[in-house]
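Observations on the model geometry
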Protein chains: 2
Amino acid sequence: MKRREPSGAAVLQPGITAAIADAVLAELVERGYARLSMEGVAKRAGVGKSALYRRWRTKREMVLAVLAEITVPMAEAADTGTLRGDIRASVDAITAWLTEPPFSRIIPDLVAESARTPELAKAIAATIGEPRRAVGRPRLERAIARGELPAGTDLEMAQDLVAGLVYWRMVVRQAPVEPDYPDRVTDTVLRALGAVPD
Amino acid sequence: MKRREPSGAAVLQPGITAAIADAVLAELVERGYARLSMEGVAKRAGVGKSALYRRWRTKREMVLAVLAEITVPMAEAADTGTLRGDIRASVDAITAWLTEPPFSRIIPDLVAESARTPELAKAIAATIGEPRRAVGRPRLERAIARGELPAGTDLEMAQDLVAGLVYWRMVVRQAPVEPDYPDRVTDTVLRALGAVPD
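Residues numbered from 1 in each chain as written. Chains lettered and ligands numbered in written order. Predicted model: local features only at pLDDT ≥ 70, side-chain atom pairs only at ≥ 80, totals over all residues. Heavy atoms only, no water.

Under an unreviewed UniProt entry, the name given to chain A is TetR/AcrR family transcriptional regulator, and the source organism is Amycolatopsis pigmentata.

Right, dumping it as structure tokens:
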């Protein structure tokens, strides 16, 4: 049986999709998720609302698809060959993601909306959080294979450590950080994981 | 030289202050910091706006004074006599603070506002963040004095670890946690700090 294509799927133009994505990010930064509207995004992108609805059924679906497409690949980091190098690279990648525009504005806004709307939190976890964690996990599995981490290492806790330390210090507290802060986070995470010293 | 009292200070009634504080919390939960107004708080508390301005000069001052009065004492935790016991108690205290109403709604909203307004972030750090950390610090200093932690322990990182892990997992990710999660956070923090095993 042939799979039905959504009507109009054949005529989706990548240039229009990119213009809509830019408009979604700009509206999220300026207005926030709660006040973002399909109308506002269409207007800013210079397209009709039908161009949006041809791609996504709802505002939530549109926003999360746009964010996932950009932020999931951002979780990929170089394979440096050592656990320390890989953790350090992920500290840098997560710091850039959480502390630089546009996501330094967008993420705290979505967290606040998620506190009001548990279904939004679930949708974010499914489309962004879990895929990002899946992209990052092989780094830790390679370290186990190399004998740099114990076999039973709690990989979920390992990933929470890097993101949690960076988010709490830089986004929640907005505390000043010294130049050696990324190295100190790396050391802290390695100790927390019981990493075999190199 | 006699210190000048703010005019009207003699007639501030604690019952009215308490009613205003309740109204501030309720407005923060329902409307958020950006849309909270002196008018709205006065109306909900059943007082005139002058009752607010007699106590605080601005909305920001009022909100932070109310939050500080409640949340700074929440950072105090029992002196259990061991580092493990003290860390476990602070995991529970911070989890309750960050994940239960009204602060489960109020804190993410203030973090989102702080991302837009750096001066708000600074004011929150000065009135809430730093005082809370000062209240919690003696727990760690006692552990150093008992020889349970190395003398040079990074106390700021130690405090970030507990709050960062709990906030990222439970508030940002809203991920389900197993009953042994608080113990696993405690173990992770102890290892990260290089605590001498008991």
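There is more to say after this.
**Regarding helix α2 (residues 38-45) of chain B**
For the record, the criterion: Only protein chains enter the accessibility calculation, which uses a 1.4 Å probe. A residue is then buried if its area is under 20% of the maximum for its type, exposed if over 50%, and partly exposed in between. Here a helix means four or more residues in a row that DSSP labels H or I, a strand means two or more in a row labelled E, and each is numbered from the N terminus. Contact between two residues is taken to exist if any of their heavy atoms lie within 4.5 Å; hydrogens are not considered.
Among all positions of α2 of chain B, only Met38, Gly40, Val41, Ala42 and Ala45 of chain B are buried. Where α2 of chain B is buried, its residues meet α1 (14-31), α3 (49-53) and α4 (59-71) of chain B.

**Things to note about the domain arrangement of chain A**
Residue and element names in this part refer to chain A. Note the threshold: Reported domain spans reflect what an automatic or database domain assignment gives. Accessible-area loss on putting two parts together, using a 1.4 Å probe and summing over both, is the definition of buried area adopted here.
When the domains of chain A are assigned, the result is domain 1 (9-55) and domain 2 (67-192). Relative placement of domain 1 and domain 2: their C-alpha centres are 28 Å apart. On the side of domain 2, 10 residues touch domain 1, which itself brings six residues to the contact. Taking both sides of the interface into account, the surface hidden between domain 1 and domain 2 amounts to around 690 Å²; carbon and sulfur atoms contribute 80%.

**So, the packing of aromatic side chains**
Operational definition: Each pair of aromatic rings taken from Phe, Tyr and Trp, with Trp reduced to its six-membered ring, is defined by centres within 6.5 Å and is described as stacked if the planes are under 30 degrees apart, edge-to-face if over 60, and tilted in the remaining cases. Only when the NZ atom of a Lys or the CZ atom of an Arg is both within 6 Å of the ring centre and within 35 degrees of the ring normal do we say a charge sits over the ring.
According to the stated counting rule, one finds three aromatic pairs over all chains in the structure shown. Geometrically, the ring pair formed by Tyr167 of chain A and Tyr167 of chain B is stacked, given 6.2 Å between the ring centres and 15° between the ring planes. In this pair, Tyr167 of chain A is assigned in helix α8 (residues 155-172) and Tyr167 of chain B in helix α8 (residues 155-172), connecting two distinct chains. An identical accessibility class is assigned to Tyr167 of chain A and Tyr167 of chain B; each is buried. A connected cluster of aromatic rings, assembled from ring pairs, spans Tyr167 and Trp168 of chain A together with Tyr167 and Trp168 of chain B. Against the face of Tyr33 of chain A rests Lys59 of chain A, its NZ or CZ located 4.6 Å from the ring centre.

**Describing the interface of chain B and chain A**
For clarity, the threshold we go by: What makes a salt bridge here is a side-chain nitrogen of Lys or Arg within 4 Å of a carboxyl oxygen of Asp or Glu, nothing more. For this analysis, a polar contact is any N or O atom pair within 3.5 Å, provided that within protein one partner can donate a hydrogen and the other can accept it, and provided that sequence-adjacent residues contribute only side-chain to side-chain pairs. The nonpolar class holds Ala, Val, Leu, Ile, Met, Phe, Trp, Tyr, Cys and Pro. Asp, Glu, Lys and Arg form the charged class, and all remaining residues, Gly among them, are polar.
Between chain B and chain A, the contact holds 40 residues from the first and 40 residues from the second. When chain B packs against chain A, the two sides together hide about 3400 Å² of surface, and 57% of this comes from carbon and sulfur. Of all residues in chain B, Met157, Trp168 and Arg173 of chain B bury the most surface against chain A, accounting for 19% of the area lost on that side. Between Arg173 of chain A and Glu156 of chain B there is a salt bridge, with the nearest N and O atoms lying 3.1 Å from each other. Summed over the shared surface of chain B and chain A, the result is 16 residue pairs in polar contact (both at pLDDT 80 or more). For the side of chain B that touches chain A, the secondary structure elements donating two or more residues are α5 (83-99), α6 (103-116), α7 (118-145), α8 and α9 (181-192) of chain B. Among the elements that make up the side of chain B that touches chain A, the one with the highest residue count is α8 of chain B (12 residues). Residue composition of the side of chain B that touches chain A, by class: 21 nonpolar, seven polar and 12 charged.

**Structural notes on the relation of the copies chain B and chain A**
Copies of the same chain, two in number, are related to each other by a rotation about an axis and a translation along it. Quick reminder of the rule: Here the copies are matched by least squares. The fit uses the C-alpha atoms of residues with pLDDT of at least 70 in both.
Mapping chain B onto chain A calls for a screw motion: a turn of 180° about the axis and a shift of 0.0 Å along it, with 0.0 Å RMSD after fitting. The symmetry that links the two subunits is that of a two-fold axis. Most of the interface of chain B is mirrored in chain A, where 100% of its interface residues again form contacts.

**Examining the UniProt feature "DNA-binding region" (unreviewed entry) in chain A**
Short version of the rule: UniProt positions are given in the numbering used here, feature names are shortened, and annotations may be inferred rather than shown by experiment.
Per the UniProt record, "DNA-binding region" (unreviewed entry) is found at residues 37-56 of chain A. Between the C-alpha atoms that bound residues 37-56 of chain A there is a distance of 13 Å. The span itself is 75% helix and 0% strand.

**Examining the nonpolar core**
Here is the rule: In these notes, a set of buried Ala, Val, Leu, Ile, Met, Phe, Trp, Tyr and Cys residues joined through side-chain atoms within 4.5 Å is what counts as a nonpolar core.
Ranked by internal contacts, the top residues of the largest apolar core, which has 120 residues, are Ile20, Met62 and Tyr167 of chain A together with Met62 and Tyr167 of chain B. Residue contacts for Met62 of chain B: discarding those within four places in its chain leaves Ile20, Val24, Leu36, Met38, Val41, Leu52 and Trp56 of chain B.

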